[in-house]
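Coordinate inspection notes
For reference, the chains in residue letters:
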Amino acid sequence: MTRTQPVPGRPAGAGASPLLQVRDLSVEFRTRDGVATAVDGVSFGVGEGETLAVLGESGCGKSVTAQSVMGILDSPPGRITGGEIVFGGRDLLKMPEEERRAVRGARMAMIFQDALSALNPVLSVGAQLGEMFQVHRGASRKEARERAVELMERVRIPAARARAGDYPHQFSGGMRQRIMIAMALALEPELIIADEPTTALDVTVQAQVMDLLAELQSEYRMGLILITHDLGVVADVADRIAVMYAGRIVETAPVAELYRAPAHPYTRGLLDSIPRLDQKGQQLNAVKGLPPSLLRVPPGCSFHPRCPSARPVCRADEPPLYEAGAGRTSACHFWKELLDDECAE
Ligand SMILES: Nc1ncnc2c1ncn2[C@@H]1O[C@H](COP(=O)(O)OP(=O)(O)OP(=O)(O)O)[C@@H](O)[C@H]1O
Ligand code: SF4
Ligand SMILES: [Mg+2]
């Protein structure tokens, strides 16, 4: 077995002076059936202008992590039980609620999957966008309306001026998602968290919205946390990837390196599940089996019941997050063998 120095709590994904640094974050949900540890000692960082993609199957803790950073965790039933969320040098978990709200309003913004429920149905989109400038920037009604139209043009809503008086339900799903991007950008935040921003859209619209988001992110030099199930989507837009499984980060790496040679069998399984254009009609090789209930996470490596490379030690010893080469981490005891295999192939 090859083991190197474990790096518990090591912030992964951080540039030299990270904008956001999450350290050992843990979140529990108390349910009738017991305590679910939805986020279990998660650490990562996001630098200015950096895109960190967070991947993993349904229920692995992606949204709960995002909600904790954003300060919108449903609490109760959720409860942050440990860790730090350092943003711009301050721990948000120790900040008074009023200051926290100000950070959330102006310095970090969130884009949700479902724009229709995130936008106000009884306010025109121009009024909703304009309100941001009135409330946070003291703009007059007229100035605010002008800024709203500019933003709608910026996210390429056709006939923006004419459509500023329309309500959210009068726009298509793709256009609504553009409006939500405009809302998020309005105050030029330092960090945007996009939680499955394109999942509800059809495939061509998904690509357009994702391209727009990536373009604006690099223009505004914001940090972006992009949560998605879809490894295909992130290949072009992310700088780094964090893979989550059962509430923990199991691998982090720069995107090109992770695609070239994953250092965790779960990541390898996810990569193998991407449909390939040259393999039409072939069975997709998705990760077999189901993720565990967070009420009953298997002992040792939580991935062992599904892992094609599992050995007896995996059932007994929980792997820490190992340093797996420069800028990479893996929570697999055998990461080195995996990388050697990938290189030999
Ligand atoms: N309101 C809640 N009540 C109880 N448990 C919850 C609640 N919200 C989340 N959880 C627990 O937290 C876990 C992680 O949920 P989360 O929403 O973060 O998953 P996710 O990775 O975003 O999944 P998806 O890809 O489906 O959006 C769930 O598996 C569940 O155990
Ligand atoms: S530690 Fe063992 S079970 Fe876990 S991913 Fe690595 S090989 Fe698989
Ligand atoms: Mg989610």
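Residues numbered from 1 in each chain as written. Chains lettered and ligands numbered in written order. Predicted model: local features only at pLDDT ≥ 70, side-chain atom pairs only at ≥ 80, totals over all residues. Heavy atoms only, no water.

Quick look at the site of ligand 1
Heads up, the condition is: Near, as used in this document, describes a residue that has one of its heavy atoms within 4 Å of the molecule or strand being considered. Definition of a polar contact: a pair of N or O atoms within 3.5 Å, with one able to donate and the other able to accept a hydrogen when the atoms are protein atoms, and with sequence-neighbouring residues admitted only if both atoms are side-chain atoms. Computed by Shrake-Rupley with a 1.4 Å probe, the accessible areas treat only the displayed protein chains as cover when residues are assessed. Strands are runs of DSSP state E lasting at least 2 residues, helices are runs of H or I lasting at least 4, and numbering of each runs from the N terminus. Think of it as three bins: nonpolar holds Ala, Val, Leu, Ile, Met, Phe, Trp, Tyr, Cys and Pro, charged holds Asp, Glu, Lys and Arg, and polar takes everything else, Gly as well.
Neighbouring ligand 1 are 15 residues, the closest being S58, G59, K62, S63 and V64. Note that an oxygen atom of ligand 1 is positioned 2.8 Å from one of the side-chain N or O atoms of K62. Considered on its own, ligand 1 offers 640 Å² of accessible surface; in the complex 67% of this is hidden by protein. Looking at the shell around ligand 1, the elements that each hand over two or more residues are strand 1 (20-31) and helix 1 (62-70). Residues that form the shell around ligand 1 fall into these classes: six nonpolar, six polar and three charged.

As for the packing of aromatic side chains
Test applied: Only rings of Phe, Tyr and Trp enter the pairing, Trp through its six-membered ring, and a pair is recorded when the two centres are within 6.5 Å. The plane angle decides the type: under 30 degrees is stacked, over 60 is edge-to-face, the rest tilted. Whether a charge lies above a ring is judged from NZ of Lys or CZ of Arg, which has to be within 6 Å of the ring centre and within 35 degrees of the ring normal.
Counted under the stated rule, the structure contains three aromatic pairs. Grouping aromatic residues by their ring pairs yields a cluster made of Y245, Y266 and F303. Positioned over the ring face of F334 is R311, at 3.7 Å from the centre of the ring.

Here we look at the site of ligand 2
The environment of ligand 2 is formed by H264, P265, C301, F303, H304, C307, S309, A310, C314, C332, H333 and F334. Residues that form the shell around ligand 2 fall into these classes: eight nonpolar, four polar and no charged.

Some details on unusual backbone geometry
Of the consecutive residues S75 and P76, the connecting peptide bond is found in the cis state with omega at -10 degrees. In this fold, P76 is placed in the loop between helix 1 and strand 4 (78-87). Omega for the bond connecting P76 with P77 falls within 30 degrees of zero, at 10 degrees, which places this linkage in the cis form. With respect to the helices and strands, the residue P77 is situated in the loop between helix 1 and strand 4. At E196, a residue that is not glycine, the phi angle is positive and equals roughly 50 degrees. By the element assignment, E196 lies in the loop between strand 7 (191-195) and helix 8 (203-220).

Points about the confidence of the model for the chain
Our working definition: For every residue, the predictor states its confidence as a pLDDT score lying anywhere from 0 to 100. In this analysis, two residues are considered to be in contact whenever any of their non-hydrogen atoms come within 4.5 Å of each other.
Across the chain, the average pLDDT comes to 89, with 91% of residues at or above 70. Note that residues 277-284 has pLDDT below 50 and, in this model, two contacts with residues that lie over four places away or in other chains.

What to know about the side chain of E28
Along the chain, E28 falls in strand 1. If we ignore the near neighbours within four places in the chain, the residues touching E28 are V35, A36, T37, P77, G78, R79 and T81.

Let's talk about the sheet that holds strand 5 (residues 90-91)
Cut-off, in case you're wondering: When DSSP locates at least two bridges between a pair of strands, those strands are taken to pair. Only C-alpha atoms enter the line fits that serve as axes; for helices the fit covers just the stretch in contact. Angles between N-to-C directions range over 0 to 180 degrees.
The strand order across the open sheet built from four strands is 2-1-4-5, with neighbouring strands paired in antiparallel fashion. Looking at the sheet topology across the chains shown, the edges are occupied by strand 2 (34-46) and strand 5. Running over the sheet, helix 1 touches strand 1, strand 2 and strand 4 and is turned about 115 degrees from strand 1.

With respect to the sheet that holds strand 6 (residues 108-111)
The eight strands are arranged 6-7-8-3-9-10-12-11 in an open sheet whose pairing can be described as mixed. Two strands in the sheet have a free side with no partner beyond their single neighbour: strand 6 and strand 11 (322-323). Here strand 3 (residues 51-55) pairs with strand 9 (residues 240-245) via four bridges, running parallel. In the sheet register, A53 faces strand 9, and the bridge partner there is I241. On top of the sheet, helix 7 (residues 173-185) reaches strand 6 and strand 7; it is set at about 170 degrees to strand 6, its chief contact.

Some thoughts on the environment of A66
Note that A66 resides in helix 1. Separated by twelve residues in the primary sequence, A66 and V54 have C-alpha atoms spaced 9.7 Å apart. Apart from residues no more than four positions distant in its own chain, A66 is found in contact with M110, I193 and I227.

Digging into the state of the cysteines
Note the threshold: When the sulfur atoms of two cysteines come within 2.5 Å, that pair is taken as a disulfide.
Tallying each qualifying case throughout the model produces zero disulfides. Distance from the sulfur of C60, which forms no disulfide, to the nearest cysteine sulfur (C301) is 14 Å.

Things to note about the pattern of salt bridges
The line we're drawing: Salt bridge, as used here: a side-chain nitrogen of Lys or Arg that lies within 4 Å of a carboxyl oxygen of Asp or Glu. Under the scheme applied here, a residue whose accessible area is under 20% of the maximum for its type counts as buried, over 50% as exposed, and between as partly exposed, the area being computed with a 1.4 Å probe on protein chains only.
Taken as a whole and judged by the stated rule, the model has 18 salt bridges. In this structure, R147 engages E150 in a salt bridge whose closest nitrogen and oxygen atoms are separated by 3.6 Å. In this pair, R147 and E150 both sit in helix 5 (residues 141-154), three residues apart, roughly one turn of the helix. Residue class for R147 comes out partly exposed when judged on its relative accessible area of 36%. For the salt bridge of E251 with R328, the shortest nitrogen-to-oxygen distance reads 2.8 Å. In this pair, E251 sits in strand 10 (residues 248-254) while R328 sits in the loop between strand 11 and strand 12 (329-330), placing the two residues 77 residues apart along the sequence.

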